[in-house]
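A look at the structure
If you want the building blocks of each chain, they are given just below.
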Amino acid sequence: MTDAATVTEWIDLKVGSAVMSAYVARPAEPGPYPGVVVGHEIYGLHETARAATDRLASLGVIAVLPDLFHRVAPRAELRLHVDRERGLELLRTLTRPEVVDDIAACLDELRRRGATSLNMVGFSAGGHVAYYAATQLPLAATAAFYPGWLTNTDVPLSTPEPTVDATAGITGRIALFFGGEDPLIDAEARDELEAALSANDIQHEIVVYDDAPHGFLFPGRDSYRPEFAEDSWARLADLLRG
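Throughout this document, residue positions are counted from 1 along each chain, in the order its sequence is written. Predicted model: local features are reported for residues with pLDDT of at least 70 only, side-chain atom pairs are reported and counted for 80 or more only, and whole-chain, interface and lining totals are derived from all residues. Hydrogens are left out, water is left out, and the side-chain values use all remaining heavy atoms of the structure.

With respect to the pairing of strand β7 (residues 173-179)
- Between buried and exposed lies partly exposed: a residue is buried under 20% and exposed over 50% of the maximum accessible area for its type, with that area taken using a 1.4 Å probe on protein chains only. Only runs of H or I of at least four residues qualify as helices and only runs of E of at least two qualify as strands under DSSP, and these elements are numbered from the N terminus. Most of β7 is tucked away: seven of the seven residues are buried.
- Burial along β7 is two-sided: the residues Arg 173, Ala 175, Phe 177 and Gly 179 and Ile 174, Leu 176 and Phe 178 are all buried.
- Relative to β7, strand β6 (residues 141-145) is paired through five bridges, and the arrangement is parallel. Bridging from a neighbouring strand, Ala 144 pairs with Leu 176 of β7.
- As defined by bridge partners, β7 adjoins strand β8 (residues 204-209) across six bridges and the pair is classed as parallel. Its bridge partner lying in β8, Ile 174 is registered against His 204.
- Regarding the hand of the β-α-β motif, the stretch spanning β7, helix α5 (residues 187-199) and β8 is right-handed. At least two bridges found by DSSP between two strands is the condition for calling them paired. If you view a crossover with the strands going away from you and the path from the first strand over the helix to the second runs clockwise, you call it right-handed.

Right, here's the structure in full:
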C-alpha cells in the first residue's frame, strides 16, 4: 500500500429504522480496494478520528467512519478531555446488538462499493467495538488501538460477560496496540487477551510500546508519540495488505 490522493464525503446509512451518518474517505483513483470500518473514541466524530480515516484512505483503502452515537447524539463531536464525562455517558448508551447492526451496515456499504476485503480499525472505545465486531462479523483483519474494558464488565459493551470471553468467534487476523504507560489497560489485561487469542489459535499480534501513554497515535495531542505512531501505521498497513 502506498500513499494516494483521496476524496471524502458524508453519507447516510440505514440501520433498522434509524439513519446513521458516516464519514467516508477513499482513494481518488477508481479501482478495487480493501474496505475498513473505523471505530471512533468516546469523543465521537472528532477531527482526529476523521484525520485517521483520511490517512487510512491514503494507504489505499475505502474507509468508513460511522457515527456510533447516532441514536442519542447524532454527529456528536466532543472536545478532547473537556467532554470526557459526556463521552463516557454516550459510551454507556451503546449496546452489543446495536453496535453489530451499525458495523454490519458499514460492511454492506463497503460490499456495495466493491471492497476486496472487509476489515476494521478502532481507537480506545472504538477499539473495543472493533474487537467485539470481529467476534460477530466476517472481518478479514482487525486492529484495535488501546482498547479498554475488554476484560471486565464496566461498560454495557462488555456485558453480560467480558468481551474477551467472546474471543473464540474471531475468524480473521487481529492486531492490538498498547502503551506500557496506559493506566487504563494494565499488563494483566494484556496477558489475559494474549492467553485468549492463543488458546483459540487466532492469528494475532500484540504490540506494546513500553514508554507510550493512552492515545499515542493522534497528532496534536499531548499524548502523541510520533515514533510509536509511525511504527503502528507501518504495521497497520502490513495487516491490511494481508
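Looking at helix α2 (residues 84-91)
- Considered for burial, the residues of α2 that qualify are Gly 87, Leu 88, Leu 90 and Leu 91. Buried residues of α2 fall within an arc of 160 degrees about the axis and therefore sit on the same side.
- Buried-residue contacts for α2 involve α4 (125-136). The arc in question is formed by the directions pointing from the helix axis toward the C-beta atoms. Residue contacts follow a heavy-atom distance rule, with two residues in contact if any of their heavy atoms lie within 4.5 Å.

Some words on the packing of helix α3 (residues 96-112) against α4
- In contact at an axis separation of 10 Å, α3 and α4 are set at 80 degrees when each is read in the N-to-C sense. Judged on the interaxial angle alone, α4 and α3 are roughly perpendicular. Judged by residue contacts, Arg 96, Val 99, Val 100 and Ile 103 of α3 engage Val 129, Tyr 132, Ala 133 and Gln 136 from α4.
- Put simply, Ala, Val, Leu, Ile, Met, Phe, Trp, Tyr, Cys and Pro go in the nonpolar bin, Asp, Glu, Lys and Arg in the charged bin, and everything else, Gly too, in the polar bin. Classifying every residue of the contact of α3 with α4 gives six nonpolar, one polar and one charged. Helix axes are fitted only over the stretch in contact, all axes being lines through C-alpha atoms; the angle between N-to-C directions runs from 0 to 180 degrees. With respect to orientation, any angle under 35 degrees is reported as roughly parallel, any angle over 145 as roughly antiparallel, any angle of 65 to 115 as roughly perpendicular, and every other angle as oblique.

A word on the sheet that holds β8
- The sheet built from eight strands is open, its strands ordered β1-β2-β4-β3-β5-β6-β7-β8 with mixed pairing. What marks the edges here is a single partner per strand, and that holds for β1 (6-15) and β8. Taken pair by pair, the neighbouring strands of this sheet meet at an average axis angle of 20 degrees, ignoring direction.
- As paired strands, strand β2 (residues 18-27) and strand β4 (residues 62-66) are joined by four bridges and run antiparallel to one another. Note that in β4 the partner of Val 24 across the bridge is Val 64.
- Against the sheet, α4 makes contact with β3 (35-39), β5 (118-123), β6 and β7, and its axis sits at roughly 150 degrees relative to β5, the strand it touches most.
- Those strands touched by α5 are β7 and β8, and its axis lies near 165 degrees from that of β8.

What about the packing of aromatic side chains?
- Each pair of aromatic rings taken from Phe, Tyr and Trp, with Trp reduced to its six-membered ring, is defined by centres within 6.5 Å and is described as stacked if the planes are under 30 degrees apart, edge-to-face if over 60, and tilted in the remaining cases. Summed over all chains, the structure comprises eight aromatic pairs.
- Between Phe 145 and Tyr 146, the ring centres sit 6.3 Å apart and the planes meet at 65 degrees, which makes this aromatic pair edge-to-face.
- Take Phe 145: its relative accessible area is 0%, and that puts it in the buried class.
- Accessibility expressed as a relative area gives 0% for Tyr 146, which makes it buried.
- For the pair Tyr 209 and Phe 216, a centre-to-centre distance of 5.3 Å together with 75 degrees between the ring planes defines the contact as edge-to-face.
- Connected via pairs of aromatic rings, a cluster forms that spans Phe 123, Phe 145, Tyr 146, Phe 177, Tyr 209, Phe 216, Phe 218 and Phe 228.
- Counted as over-ring charges are cases with an Arg CZ or a Lys NZ within 6 Å of the ring centre that also lie within 35 degrees of the ring normal. Here Arg 75 stacks its cationic end above the ring of Trp 10, 3.9 Å away from the centre of that ring.

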